[in-house]
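Coordinates in review
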Amino acid sequence: MRAKGRRLLHRLSGMLIGVTALGLLQLTAAAGSTESLRTVNAGAAVILDADLTETVAKVSAEESSASRGTEKDEEKDRGASDEDDAEESGLVMANVQNAVNVRKEASEDSERVGKLYSDCGGEILERCNGWTKLKSGNVTGWTKDEYLVFGKEAEEMAEDVGNLIAKVDADALRIRREPEEDAGVFGMVGKNEKMAALEIIDDEWVSVVYDDEVGYISAEYTTVEFIIDSGETMEEIRKREEKEQEEKRKADAAKAKLTENRGAVAVETSDDILLAALIQCEAGNQPYEGQLAVGAVVMNRVRSGGYPNTISGVIYASGQFTPAMNGKVAKRVEEGVRPSCLQAAQEAIAGASNVGGATHFRRSGNHDGLIIGSHVFW
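What follows covers the overall build of the chain. In terms of helices and strands, the chain carries 12 helices and 20 strands. Of all 378 residues assigned to the chain, the portion counted as buried reaches 48%. When contacts within the chain are restricted to residue pairs at least 6 apart in sequence, those whose partners lie at least 24 apart make up 64%. Approximately 18,100 Å² of the chain is accessible, and the part contributed by carbon and sulfur atoms is 45%.

In structure tokens, the structure reads:
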């Protein structure tokens with residue numbers, strides 16, 4: 001996560017993670033509010049509602065009281081407060097190489113109601129006897145604590161895998177080349193457009209990634225959200241898999257028809273076209289090595305067992321790839337993809353990888369890893 005976005009989670013142990021109707025975990029700074037924009041730079045305190053603020057104040061008071069005790073009492077209190085800190089933060093993250101089940105009751109024999117994948121986060125509802133009841137997207141149920149992390153560890157994991165997203169609130173907004181009103185313009189974006197955000201500058205500008213360039217939009221007309229991936233219900237998994245199978249059948253039929261009749265046009269999206277579209281959106285202006293690297297990251301996720309096991313499932317996972325979230329991938333599929341991006345997609349699908357087993361990437365400069373072009377992979 002970018003340096004400024006990192007502070008959203010890192011400054012306050014009693015932070016608030018809201019669960020939106022879309023099933024995404026997010027912290028939001030309201031557009032047009034200088035104080036809210038400072039929150040994104042300085043911490044989550046302004047986002048907290050009154051009740052949570054009182055809770056945090058109570059925790060702080062208890063910690064102060066404990067500090068006046070003996071050293072032995074302090075150690076005891078610190079040990080006992082680990083679980084309290086996890087519950088106060090409200091955040092829980094899945095800590096799995098493969099997916100972990102979410103069950104209706106706190107028992108391994110209980111019915112499965114959903115799954116959490118790697119990078120998925122949730123809101124703690126209750127903890128009991130080594131199990132945690134959580135809400136992640138539309139999934140609500142119990143998961144064993146051994147597959148979860150809490151407190152600071154959860155916050156650090158969220159920092160690493162979450163995304164800072166800028167959403168446009170104005171009908172139209174110019175993306176400028178510099179954070180100045182008279183600077184040149186890359187282009188225009190419309191209302192509700194979403195872009196990867198980098199940081200907020202002097203409460204006036206939000207730097208964003210636009211066509212893989214760094215641009216600047218007015219903070220006054222922008223909402224900044226920190227988003228973490230969420231789990232899937234068993235019904236959502238079933239519907240997604242059925243849709244993917246149907247799309248594959250249609251794509252295969254269209255390709256077969258194209259083979260029989262050169263005049264036919266395949267209009268359905270096959271895996272290589274979909275992956276190529278994402279590659280072009282994320283790394284279209286990068287060297288071929290950078291395009292292949294993005295494709296390899298997607299395929300590493302597909303093969304890992306810790307994410308949905310299909311290309312479309314990985315690409316459209318909640319809160320992961322901004323171009324998929326804002327419709328640019330779908331638009332690119334309709335308009336066609338570049339030959340180099342299609343080649344990179346096909347090579348990645350065939351097993352080629354120039355980033356090892358990396359499952360993440362973002363613009364370089366704020367994370368350690370393998371740098372290729374303007375991206376870092378880890």
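Picking up after the structure, the text goes on.
Next up on the list: the nonpolar core. Of all hydrophobic cores here, the largest spans 32 residues; its most connected members are Leu-275, Val-298, Ile-311, Ile-315, Val-355 and Phe-377. For this core, the secondary-structure elements that each account for two or more residues are helix H7 (271–283), helix H8 (288–304), helix H9 (311–315), helix H11 (328–335) and helix H12 (339–349). By residue number, the principal contributor to this core is H8, which donates eight residues. Those residues in contact with Ile-311 that lie beyond four places of it in its chain are Asp-271, Leu-274, Leu-275, Val-298, Met-299, Val-302 and Ile-349. Grouped together as the second largest cluster of nonpolar side chains are 23 residues, Leu-91, Leu-173, Ile-175 and Ile-228 included.

Each regular strand shows side chains that alternate between the opposite faces of the sheet. Burial within strand S13 (residues 194–201) is extensive, with six of its eight residues counted as buried. In this sheet, S13 lies alongside strand S10 (residues 163–168) in antiparallel orientation, the contact comprising three bridges. The residue bridging Ala-166 from the neighbouring strand is Met-195, located in S13. Here four bridges tie S13 to strand S14 (residues 205–210), and the two strands are oriented antiparallel to one another. Each bridged residue has a counterpart across the sheet, and for Ala-197 the counterpart in S14 is Val-208. Between S13 and S14, which pair antiparallel one after the other, the connecting turn spans three residues, and Asp-202 there sits at a positive phi close to 55 degrees.

Quick look at the environment of Thr-143 now. For Thr-143, the position within the fold is in strand S8 (residues 139–144). In this structure, the C-alpha to C-alpha distance between Thr-143 and Gly-114, residues 29 residues apart in sequence, is 10.0 Å. Residues in contact with Thr-143, not counting those within four places in the same chain, are Val-100, Asn-101, Val-102, Leu-116, Trp-131, Thr-132, Leu-134 and Leu-148. Reaching out from Thr-143, the side chain makes a polar contact with the backbone oxygen of Asn-101 at a distance of 3.2 Å.

With that out of the way, let us pick up the packing of H7 against H12. At a closest axis distance of 8 Å, the pairing of H7 and H12 adopts a crossing angle of 120 degrees. The orientation of H7 with respect to H12, classified from their angle, is oblique. Crossing handedness for the pair H7 and H12: right-handed. Facing H7, whose interface residues are Asp-271, Asp-272, Ile-273, Leu-275, Ala-276, Ile-279 and Gln-280, H12 presents Cys-341, Leu-342, Ala-344, Ala-345, Gln-346, Ala-348 and Ile-349.

Turning next to a negative patch on the surface. There is a patch of like negative charges on the surface, built from Glu-178, Glu-180, Glu-181, Asp-182, Asp-202 and Glu-204. Position of Glu-181 relative to the elements: it lies in the loop between strand S11 (172–176) and strand S12 (185–190).

A word on the side chain of Arg-176. Tracing the backbone shows Arg-176 in strand S11. Buried and unpaired, Arg-176 has Asp-182 as its nearest opposite-charge partner, separated by 6.9 Å. Here the side chain of Arg-176 touches Glu-181 through a polar contact of 3.2 Å, landing on its backbone oxygen. Leave out the neighbours within four places in its chain, and Arg-176 touches Glu-181, Asp-182, Ala-183, Gly-184, Val-185, Phe-186, Trp-205, Gly-215 and Tyr-216.

Our focus in this paragraph is the state of the cysteines. Counted under the stated rule, the structure contains zero disulfides. Not engaged in a disulfide, the cysteine Cys-281 finds its nearest cysteine sulfur in Cys-341; these two sulfurs lie 8.8 Å apart. Its relative accessible area of 21% is what places Cys-281 among the partly exposed residues.

So, how was this worked out
Residues numbered from 1 in each chain as written. Predicted model: local features only at pLDDT ≥ 70, side-chain atom pairs only at ≥ 80, totals over all residues. Heavy atoms only, no water. Helix = DSSP H or I, 4+ residues; strand = E, 2+ residues; numbered from the N terminus. Buried < 20%, exposed > 50% of the residue type's maximum accessible area, 1.4 Å probe, protein only. Contact = heavy atoms within 4.5 Å. Areas by Shrake-Rupley, 256 points an atom, 1.4 Å probe, with all protein chains shown as cover. Core = buried A, V, L, I, M, F, W, Y, C linked by side-chain atoms within 4.5 Å. Pairing = 2+ DSSP bridges. Polar contact = N/O pair within 3.5 Å; in protein donor to acceptor, adjacent residues only side chain to side chain. Axes fitted to C-alpha atoms, helices over the stretch in contact; angles between N-to-C directions. Parallel < 35°, antiparallel > 145°, perpendicular 65-115°, else oblique. Left-handed = near helix turned anticlockwise from the far one by under 90°. Patch = residues over 30% accessible without salt bridge, like charges linked within 9 Å, V, L, I, M, F, W, Y side chains within 5 Å. Salt bridge = Lys/Arg side-chain N within 4 Å of Asp/Glu carboxyl O. Lys, Arg positive; Asp, Glu negative; His and termini not counted. Charge placed at Lys NZ, Arg CZ, Asp CG, Glu CD. Disulfide = S-S within 2.5 Å.

By themselves, these observations are geometric and do not establish any function.
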